[in-house]
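# Structural description and commentary
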Amino acid sequence: AFLQHLESGIRRTSRMNNSLAVAFIDIDHFKPINDAYGHHVGDEVLHAIARRLNMAVRGCDIVARMGGDEFVALLEDIKSDQDIVPIVERILHSLRDVFYIDHHEIIISAAVGIAVSPRDGDMEHLMICADAAMYRAKGDGKNRFRFFDSDIALASDRLLEMQNDLRDALSRNEFR
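Reading the values: rules and limits
Residues numbered from 1 in each chain as written. Predicted model: local features only at pLDDT ≥ 70, side-chain atom pairs only at ≥ 80, totals over all residues. Heavy atoms only, no water. Helix = DSSP H or I, 4+ residues; strand = E, 2+ residues; numbered from the N terminus. Buried < 20%, exposed > 50% of the residue type's maximum accessible area, 1.4 Å probe, protein only. Contact = heavy atoms within 4.5 Å. Areas by Shrake-Rupley, 256 points an atom, 1.4 Å probe, with all protein chains shown as cover. Lys, Arg positive; Asp, Glu negative; His and termini not counted. Charge placed at Lys NZ, Arg CZ, Asp CG, Glu CD. Phe/Tyr/Trp six-rings, centres within 6.5 Å; stacked < 30°, edge-to-face > 60°. Pairing = 2+ DSSP bridges. Core = buried A, V, L, I, M, F, W, Y, C linked by side-chain atoms within 4.5 Å. Patch = residues over 30% accessible without salt bridge, like charges linked within 9 Å, V, L, I, M, F, W, Y side chains within 5 Å. Salt bridge = Lys/Arg side-chain N within 4 Å of Asp/Glu carboxyl O.

Our next topic: the overall build of the chain. When helices and strands are tallied, the chain shows 6 helices and 7 strands. Going from the N terminus to the C terminus, the chain shows its helices and strands as α-β-α-α-β-β-α-β-β-β-α-β-α. In the chain, which comprises 176 residues, the proportion classed as buried is 43%. A sequence separation of at least 24 residues applies to 67% of the contacts in the chain between residues at least 6 apart. Working note: accessible area of the chain is about 10,100 Å², and carbon and sulfur atoms make up 52% of it. Mean positive and mean negative side-chain charge positions of the chain (21 and 29 charges, respectively) differ by 2 Å.

Encoded structure:
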């Protein structure tokens, strides 16, 4: 359903000559919550996260869970990157407060990667770019966000090239 909303949003932005953003939200270290408190608590934390994310975005925005501990927000009617910053800051701020689930105090952090249409590509490319930016934000520390940019694209291209070179070298027995 999220991808259908994204596709419709991209069509609307081209008609209205504005932008939209995809914010890929990854919850840091979620697995230890399930391991320590059980999956029923983990599920409740995910529900609480979804509620907070929905309250942090504007009424015209959409939040969806992509799976596991990953969420995505579709931010429409964007004129510039500066329109996105306060929304993403509210997202991160909403997750900083302690979660009280089943008599447990749970503290989480998140990383957010942002890709903007049409600048960062088509529908499929937007998700890839937002994901790459999220990994860069995660590398920068807890509760961070990053916009996709040429440095991230270059690093992703280099990583893919290196992986292909290593795979080729293995198949040709070039390691000693």
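The next subject is the side chain of glutamate 76. Among the secondary structure elements, glutamate 76 is positioned in strand β3 (residues 70–78). Its relative accessible area of 11% is what places glutamate 76 among the buried residues. Not counting chain neighbours up to four residues away, the residues in contact with glutamate 76 comprise Gly9, Arg12, Ser19, Leu20, Arg58, Cys60 and Asp61.

Turning our attention to the packing of aromatic side chains. Across all of its chains, the model carries 1 aromatic pair by this definition. Ring geometry for phenylalanine 145 and phenylalanine 147: centres 6.3 Å apart, planes at 75 degrees, overall edge-to-face.

With 7 of 9 residues buried, β3 lies mostly within the body of the structure. The pairing of strand β1 (residues 19–27) with β3 spans 7 bridges and is antiparallel. Pairing of alanine 21 across the sheet is with leucine 75, part of β3. Pairing of strand β2 (residues 62–67) with β3, which is carried by 5 bridges, proceeds in the antiparallel orientation. Residue valine 63 lies in a different strand from β3, and its bridge partner there is alanine 73. Count of turn residues in the β2/β3 antiparallel hairpin: 2 residues, of which glycine 68 carries a positive phi of about 55 degrees.

Counting 35 residues, the largest nonpolar core has Ile25, Ile27, Ile49, Leu75, Ile84, Leu95 and Ile114 as the members making the most contacts within it. Those elements giving two or more residues to this core turn out to be β1, α3 (39–56), β3, α4 (81–96), β4 (99–101) and β6 (110–117). Listed in part, the 19 residues of the second largest apolar core include Leu6, Val22, Met127 and Cys129.

Turning our attention to a nonpolar patch on the surface. Taken together, Leu166, Leu170 and Phe175 make up a surface patch of nonpolar side chains, about 310 Å² in accessible area. Looking at the element boundaries, phenylalanine 175 is found in the segment after α6 (150–171).

Next up on the list: unusual backbone geometry. Residue proline 118 follows serine 117 across a cis peptide bond; omega there is 10 degrees. Within the secondary structure, proline 118 sits in the loop between β6 and α5 (123–140). One non-glycine residue, aspartate 77, lies in positive phi territory at about 55 degrees.

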